[in-house]
Amino acid sequence: MSDVLLDGLDAQPPAVRGAFVLVHRLVLGGVADVVLAPGSRSAPLAYALAAASDHRLLTLHVRVDERSAGFLAVGLSRGAGPLDHAGVALPRPVAVVTTSGTAVANLHPAVLEAHHTGVPLVLLTADRPHELRGTGANQTTHQAGIFGPAVRFAADVPAPDGRPGEVRDLLALAGRALGEALGARSGHPGPVHLDLAYREPLVPLGSVGGAAPAAAPAPAPGAARATAADAPSTTVVPARAVLAADQPAPGARTVVVAGDGAGPVARELAEARGWPLLAEPSSGALGGAHLVVAHPLVLGVDELVDAVEHVVVLGRPTLSRPVQRLLGRAGVDVRVVADGAGPWPDAARNAASVLPAVPTAWLDPDGVAPGPGGADPAWLARWRAASAAAARVVAAATDGARTDGPSVARAVVSACGGDDLLVVGSSNPVRDLGLVLGIDAAAPRVLANRGLAGIDGTVSTALGAAVATGRAHRRTRALLGDLTFLHDVGGLLRGPSEPHADLQLVVVNDDGGSIFAGLEPGALGETSEASGRTFERVFATPHGANLAQLCAGYGVDHQLVPDVPSLRHALGAPSHGVQVLEVRVGRTERRRDALSLAEDVRAAVRAAL
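Read on for a plain summary of the structure. Everything numeric in this text was worked out from a predicted model, so none of it was measured.

Reading the values: rules and limits
- Residues numbered from 1 in each chain as written.
- Predicted model: local features only at pLDDT ≥ 70, side-chain atom pairs only at ≥ 80, totals over all residues.
- Heavy atoms only, no water.
- Buried < 20%, exposed > 50% of the residue type's maximum accessible area, 1.4 Å probe, protein only.
- Helix = DSSP H or I, 4+ residues; strand = E, 2+ residues; numbered from the N terminus.
- Pairing = 2+ DSSP bridges.
- Right-handed = clockwise from strand over helix to strand, strands pointing away.
- 1 Å grid on protein atoms, 1.4 Å probe; cavity = no way out; pocket = protein on both sides within 12 Å on 5 of 7 lines; lining within 4 Å.
- Points joined across faces, edges and corners; volume = space filled by probe spheres on them.
- Axes fitted to C-alpha atoms, helices over the stretch in contact; angles between N-to-C directions.
- Phe/Tyr/Trp six-rings, centres within 6.5 Å; stacked < 30°, edge-to-face > 60°.
- Contact = heavy atoms within 4.5 Å.
- Salt bridge = Lys/Arg side-chain N within 4 Å of Asp/Glu carboxyl O.
- Parallel < 35°, antiparallel > 145°, perpendicular 65-115°, else oblique.
- Left-handed = near helix turned anticlockwise from the far one by under 90°.
- Nonpolar A, V, L, I, M, F, W, Y, C, P; charged D, E, K, R; others polar.
- Disulfide = S-S within 2.5 Å.

## What to know about the pairing of strand 19 (residues 578-584)
If a strand is regular, its side chains alternate between the two faces of the sheet.
Stage number 1. By the criterion of burial, strand 19 is predominantly enclosed, with six of the seven residues buried.
Stage number 2. Alignment of strand 17 (residues 503-509) against strand 19, held across seven bridges, turns out to be parallel. Across the sheet, the residue bridging to leucine 503 is valine 578, located in strand 19.
Stage number 3. At this point the chain moves from strand 18 (residues 557-561), through helix 20 (residues 564-572), to the parallel strand 19, and the crossover so formed is right-handed.

## Some words on the environment of glycine 572
Stage number 1. Mapped onto the fold, glycine 572 is located in helix 20.
Stage number 2. Glycine 572 sits in the exposed class, given a relative accessible area of 61%.
Stage number 3. Counting along the chain gives 105 residues from glycine 572 to valine 467, while the straight-line C-alpha distance between them is 21 Å.

## Overview of empty space enclosed by the protein
Stage number 1. Evaluated as defined, the whole model comprises one cavity of 30 Å³ or more.
Stage number 2. Taken as a whole, the largest cavity encloses approximately 50 Å³ of empty space.
Stage number 3. In terms of lining residues, the largest cavity is bounded by Ala279, Glu280, Pro281, Leu286, Leu291, Val292, Val293, Ala294, His295, Gly434 and Leu437.

## Section: the sheet that holds strand 13 (residues 351-355)
Stage number 1. Reading across the sheet, the five strands line up as 10-9-11-12-13 and stay open at both edges, with parallel pairing between neighbours. Single-partner strands in this sheet number two, and they are strand 10 (277-279) and strand 13. Here the average twist between neighbouring strands, direction ignored, is 20°.
Stage number 2. Bridge count for strand 12 (residues 333-337) against strand 13 is four bridges, and the pairing is parallel. Opposite valine 334, over in strand 13, you have alanine 351 as the bridge partner.

## Some points on the packing of aromatic side chains
Stage number 1. Across all of its chains, the model carries three aromatic pairs by this definition.
Stage number 2. A ring pair is formed by tryptophan 379 and tryptophan 383, whose centres lie 5.9 Å apart and whose planes are at 65°; its orientation type is edge-to-face. One end of the pair, tryptophan 379, and the other, tryptophan 383, are both in helix 12 (residues 377-397), four residues apart, so they sit about a helical turn from each other.
Stage number 3. With a relative accessible area of 4%, tryptophan 379 lands in the buried category.
Stage number 4. Through a chain of ring-to-ring contacts, the aromatic side chains of Phe516, Phe535 and Phe539 assemble into a single cluster.

## Topic: the side chain of asparagine 509
Stage number 1. Structurally, the position occupied by asparagine 509 is in strand 17.
Stage number 2. We classify asparagine 509 as buried; its relative accessible area is 7%.
Stage number 3. Contact partners of asparagine 509, with chain neighbours within four places excluded, come to Asp482, His543, Leu547, Glu582, Val583, Arg584 and Val585.

## A few points about the pattern of salt bridges
Once their charged atoms are close, side chains differing in charge can pair, the charge on each being opposite to the other.
Stage number 1. Counted according to the given criterion, the structure contains 24 salt bridges.
Stage number 2. With its nearest N and O atoms 3.0 Å apart, the salt bridge here joins arginine 133 to aspartate 156. Of this pair, arginine 133 sits in the loop between strand 6 (121-127) and strand 7 (153-157) while aspartate 156 sits in strand 7, and the two are 23 residues apart along the sequence.
Stage number 3. The shortest N-O distance in the salt bridge between arginine 402 and aspartate 593 comes to 2.7 Å. Taken as a pair, arginine 402 in the loop between helix 12 and helix 13 (405-415) and aspartate 593 in helix 21 (residues 590-608) lie far apart in primary sequence, 191 residues in all.
Stage number 4. The partly exposed category is assigned to aspartate 593, whose relative accessible area is 21%.
Stage number 5. Each of the salt bridges in this network shares a partner with another, and the network as a whole consists of Asp127, Arg133, Asp156 and Asp195.

## Quick notes on the sheet that holds strand 14 (residues 421-424)
Stage number 1. The strand order across the open sheet built from six strands is 15-14-16-17-19-18, with neighbouring strands paired in parallel fashion. Strands at the two margins of the open sheet, each flanked by one partner only, are strand 15 (445-447) and strand 18. Strand-to-strand, the axes of this sheet are offset by a mean angle of 20°, without reference to chain direction.
Stage number 2. Most of the contacts of helix 14 (residues 428-436) go to strand 14, to which it runs at about 130°, and overall it touches strand 14, strand 15 and strand 16 (476-481).

## Regarding the packing of helix 13 against helix 20
Stage number 1. One way to put it is that helix 13 packs onto helix 20 with a least axis distance of 10 Å and a crossing angle of 25°. In terms of axis orientation, helix 13 runs roughly parallel to helix 20. By crossing handedness, the relation of helix 13 to helix 20 is classed as right-handed. Residues Ser407, Val408, Ala411, Val412 and Ala415 of helix 13 pack against Val564, Leu567, Arg568 and Leu571 of helix 20.
Stage number 2. Its residues assigned to classes, the contact of helix 13 with helix 20 shows seven nonpolar, one polar and one charged.

## As for the state of the cysteines
Stage number 1. The final tally for this structure, using the stated rule, is zero disulfides.
Stage number 2. The thiol sulfur of cysteine 416 is not disulfide-bonded, and the nearest other cysteine sulfur, from cysteine 551, lies at 19 Å.
Stage number 3. The exposure class of cysteine 551 is buried, given its relative accessible area of 0%.

## Quick notes on unusual backbone geometry
Stage number 1. For the bond from glutamate 200 to proline 201, the omega torsion is 5°, close enough to zero to count as cis.
Stage number 2. Tracing the backbone shows proline 201 in the loop between strand 8 (192-197) and helix 7 (223-230).
Stage number 3. The phi torsion at arginine 349 lies on the positive side, around 55°, for a residue other than glycine.
Stage number 4. You can call arginine 349 exposed: its relative accessible area is 69%.
Stage number 5. Here aspartate 511, not a glycine, exhibits a phi torsion of approximately 55°, which is positive.

Set out below in structure tokens:
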């Protein structure tokens with residue numbers, strides 16, 4: 001029980017007492033993992049967390065880089081199973097602790113990602129007391145409200161001073177923050193921020209949290225313990241799933257678009273209604289006979305796209321321009337399913353309606369009758385034929401004879417079991433993965449930081465996810481590009497006392513940013529020698545970094561894999577701890593190969609229709 005943290009608190013300085021009470025409340029609220037970036041002003045929280053870790057009330061993770069710490073917390077939350085909160089499954093909260101100053105600002109990238117993907121981070125940032133703010137005091141800036149609208153709740157918490165009712169107030173505030181982080185009432189989980197002012201002294205008087213302080217007199221009434229243990233702990237009862245109002249289902253010529261975080265209901269809907277499924281890798285809806293393989297390329301066939309009359313969107317689609325063009329087409333009826341109080345995804349600004357959930361009647365296959373407005377087997381058959389044709393072309397192009405991004409992605413997917421977790425980086429890797437999923441065996445669970453689709457923090461996210469999934473004896477791999485790896489290479493730095501993680505990082509190294517080759521700058525770069533030089537300098541950004549030496553510096557195993565067959569062998573071999581498998585691929589051919597594959601798929605699909 002977390003009550004052990006309350007023992008001996010009355011004799012402790014107010015800062016220490018407040019920190020221990022706060023950690024006690026977080027444990028009661030379901031926080032099982034906390035990431036700490038060490039510092040002086042946050043010392044009260046550090047001691048409280050160390051005591052909680054010693055009593056096995058939570059798992060403590062220590063990182064020296066706050067940016068890595070933030071993304072590690074994102075991975076821990078997203079890799080873990082849900083929290084049962086008043087009988088409702090909610091995302092699991094993870095706390096992050098920093099000292100004052102720039103340490104707080106370094107959390108901002110992870111906070112933005114958590115904001116856009118609904119990850120309940122509890123940000124505990126230590127601060128100077130109010131009388132020192134604006135005075136030029138060391139490591140002091142305006143921290144309260146630093147994250148702006150990216151947090152669901154924020155509070156500027158005064159420094160504890162021992163006043164009556166202080167403990168009770170802190171418990172209530174922590175409970176409110178946890179409820180907002182979980183989205184229990186709003187259905188819109190995300191980060192919350194408590195900026196915690198602390199006055200000196202910042203360290204305990206002797207031992208605390210399970211043993212009475214040796215240097216202080218024994219507390220007479222035990223007021224702090226009694227108040228914290230007996231104070232009411234408010235449970236925010238989650239809003240139950242509200243059934244969407246009766247809405248007639250779209251007609252037969254409908255496709256389901258499953259973006260990031262759509263969940264298995266997207267696949268269930270497609271299969272119940274007889275509709276094609278266009279699912280992104282991190283949708284959570286991959287698989288089944290309705291899945292359209294390589295759908296971004298299939299959507300290049302006008303004969304198919306022109307016939308679409310309705311689209312049902314679940315999750316947040318961000319990967320494909322063809323999908324966005326479909327969602328923005330005039331005359332296409334777009335219905336978005338978005339629960340909770342957050343903004344609904346409609347980048348094309350073309351949604352006809354927004355539903356809080358998929359109507360239960362839509363999920364009943366017995367209620368779908370052939371005929372006008374009902375099932376049309378020929379509609380699904382055309383899309384399945386298109387999918388099969390695309391799959392044959394992509395399979396032939398990624399059979400391992402060549403070493404390129406899509407072939408590497410297919411090898412990684414083939415090595416994963418259905419219960420494994422695959423963390424995928426932004427830019428080309430997630431798009432390469434989207435081309436090959438559905439060709440071979442059942443897809444693993446895919447996790448991607450698609451909130452803002454940045455490359456930062458991916459190594460740390462993968463490590464956090466690996467720690468979380470390892471508790472369930474599931475394997476974690478990551479597929480990422482060289483720039484993504486280099487951007488967060490500091491995430492490899494872990495102390496010898498940190499929780500163990502088994503993680504294979506497959507780094508597709510093309511010595512730069514080949515994602516731009518497929519965009520407008522890549523096309524312009526081919527028009528002249530001068531344009532090519534400009535493209536290479538300001539977009540492709542070659543680096544020449546030696547990944548093996550970097551890994552050696554962090555004490556991480558590294559293997560340079562020469563080709564796809566060797567990669568398959570390395571992925572199938574036993575591994576322990578963190579391992580980097582580097583696969584070098586060409587960059588100059590990326591645009592040409594992508595255009596050629598797209599044309600081959602279009603030709604094959606047209607021939608199959």
